[in-house]
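Residue-level structural notes
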Amino acid sequence: MLLGTETALQELARGYGIHASYVDAMDQQQHASDDDLRAILRIMGVDAGSERAARGLLSEQRHTLETIPAPRLTVAWHGEATTLDFTLPTDRSPRVLVQLENGERRDCAASRSGARSVDGRQLTIYSISIPADLPAGYHSIIAESSGSDFESSLFVAPSRCYSPDDFRAWGVFAPAYAIHSKRSWGAGDLTDLSELFERTAQLGGGFVGILPILATFLDEPFEPSPYNPMSRLHWNEMFLDVTQAPGFA
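Everything in this summary refers to the structure shown in the same document. Nothing here was measured: the structure is a model prediction, and the numbers come from that model. (Residues numbered from 1 in each chain as written. Predicted model: local features only at pLDDT ≥ 70, side-chain atom pairs only at ≥ 80, totals over all residues. Heavy atoms only, no water.)

A closer look at the pattern of salt bridges
A side chain of one charge can pair with a side chain of the opposite charge if their charged atoms are brought near each other. To be explicit about the condition: Definition used for salt bridges: Asp or Glu carboxyl oxygen within 4 Å of a side-chain nitrogen of Lys or Arg. In this scheme, a residue with accessible area under 20% of its type's maximum is buried, one over 50% is exposed, and one in between is partly exposed, where area comes from a 1.4 Å probe on protein chains only.
Counted according to the given criterion, the structure contains 6 salt bridges. One salt bridge connects Asp-192 with Arg-183, and the closest N-O pair in it is separated by 2.8 Å. When its relative accessible area of 3% is taken as the criterion, Asp-192 is described as buried. Each member of the salt-bridge network shares a partner with another, and the members are Arg-183, Asp-189, Asp-192 and Asp-241.

Structure below.
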């Protein structure tokens, strides 16, 4: 059954992670054409040249999703227990474990939580409890069942940004062009930036954040964005303190 007015092609594309629509900067809903969806799917090796072909591929996709033992990737938060469902043939009693990225293995509790039938094949759903004390990192969940193994990736993400115990710093963010003083020539320069460093440090600050000051186009047409440099190898001469140049006097 299609979701709402979604076509087989659109649902197939969604199954491959393709977004068929988006809201633009003017708050208007924009939709990808069928030709665009077919072109993207073709790049991914999926030939959905007609609605009939899309329906056939969609049926295969659904069957694969119904019979795959578990998602290929599970993301969990560090410090929080996670429950994951594994679907395996009824005659198999699995041993499930987590293999950490350092090679260590830990057993996980697996309990039956349901059953279903797909094309006459009886499947059992096992609820797997992922421990909350796993370290952050890239791990694997392995289900060993009757001589066949299924492996799924487990990413345990930290719930907060890394912060060393001795790091307690505040700082200032200001684009370099916006910190000009009475002595600068209409925009902040490297001398103004140096003074901001010193004042921030005197007040106990630990850092100063600025926008990129890479070389850009200063002629016509002028490119004001610091994120569109003409070179990432040189600094923008606009920020030079001309009064410090040799021979200025």
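The rest of the description comes next.
Here we look at the packing of aromatic side chains
For clarity, the threshold we go by: Only the six-membered ring of Trp is used, alongside the rings of Phe and Tyr, when aromatic pairs are assigned; centres must lie within 6.5 Å, and planes under 30 degrees apart are stacked while those over 60 apart are edge-to-face, with the rest tilted. For helices the rule is a DSSP run of H or I covering at least 4 residues; for strands it is a run of E covering at least 2, with both sets numbered from the N terminus onward.
For the structure shown, the criterion picks out 2 aromatic pairs. Judged by centre distance (4.8 Å) and plane angle (85 degrees), the rings of Tyr-138 and Phe-155 are edge-to-face. Of the two residues, Tyr-138 is situated in strand β8 (residues 137-145) and Phe-155 in strand β9 (residues 148-157); the sequence distance between them amounts to 17 residues. Judged by its relative accessible area of 29%, Phe-155 falls in the partly exposed class. Aromatic pair Trp-185 and Phe-248: ring centres 6.1 Å apart, planes at 55 degrees, arrangement tilted. With Trp-185 in the loop between β10 (171-173) and α4 (190-202) and Phe-248 in the segment after β11 (207-209), this residue pair connects regions lying 63 residues apart in the sequence.

Description of the nonpolar core
To keep it simple, the criterion reads: Think of a nonpolar core as a cluster: buried Ala, Val, Leu, Ile, Met, Phe, Trp, Tyr and Cys residues, connected wherever their side-chain atoms sit within 4.5 Å. The contact rule is simple, with two residues in contact once any of their heavy atoms fall within 4.5 Å.
In this structure, Phe-86, Val-98, Ile-128, Ile-130, Leu-134, Ile-141 and Leu-154 are the most contacted members of the largest nonpolar core, which totals 18 residues. Of all the elements in the fold, those that place two or more residues in this core are β4 (82-89), β5 (95-99), β7 (121-130), β8 and β9. Residues in contact with Leu-154, not counting those within four places in the same chain, are Thr-74, Ala-76, Val-98, Ile-130, Leu-134, Gly-137, Tyr-138, His-139, Ser-140 and Ile-141. Counting 11 residues, the second-largest nonpolar core is a separate cluster that includes Leu-12, Ala-13, Ala-48 and Leu-58.

With respect to the environment of Glu-80
Assignment of secondary structure puts Glu-80 in the loop between β3 (73-77) and β4. Residue Glu-80 is classed as partly exposed on the basis of its relative accessible area, which comes to 45%. Along the primary structure Glu-80 and Pro-131 are separated by 51 residues, whereas in three dimensions their C-alpha atoms are 7.7 Å apart. Setting aside anything within four residues of it in sequence, one finds Glu-80 in contact with Pro-131 and Ala-132.

As for the pairing of β8
Quick reminder of the rule: Two strands make a pair as long as DSSP finds a minimum of two bridges between them.
By the criterion of burial, β8 is predominantly enclosed, with 7 of the 9 residues buried. Here 5 bridges tie β5 to β8, and the two strands are oriented antiparallel to one another. Paired with Leu-97 across the bridge in β8 is Ile-142.

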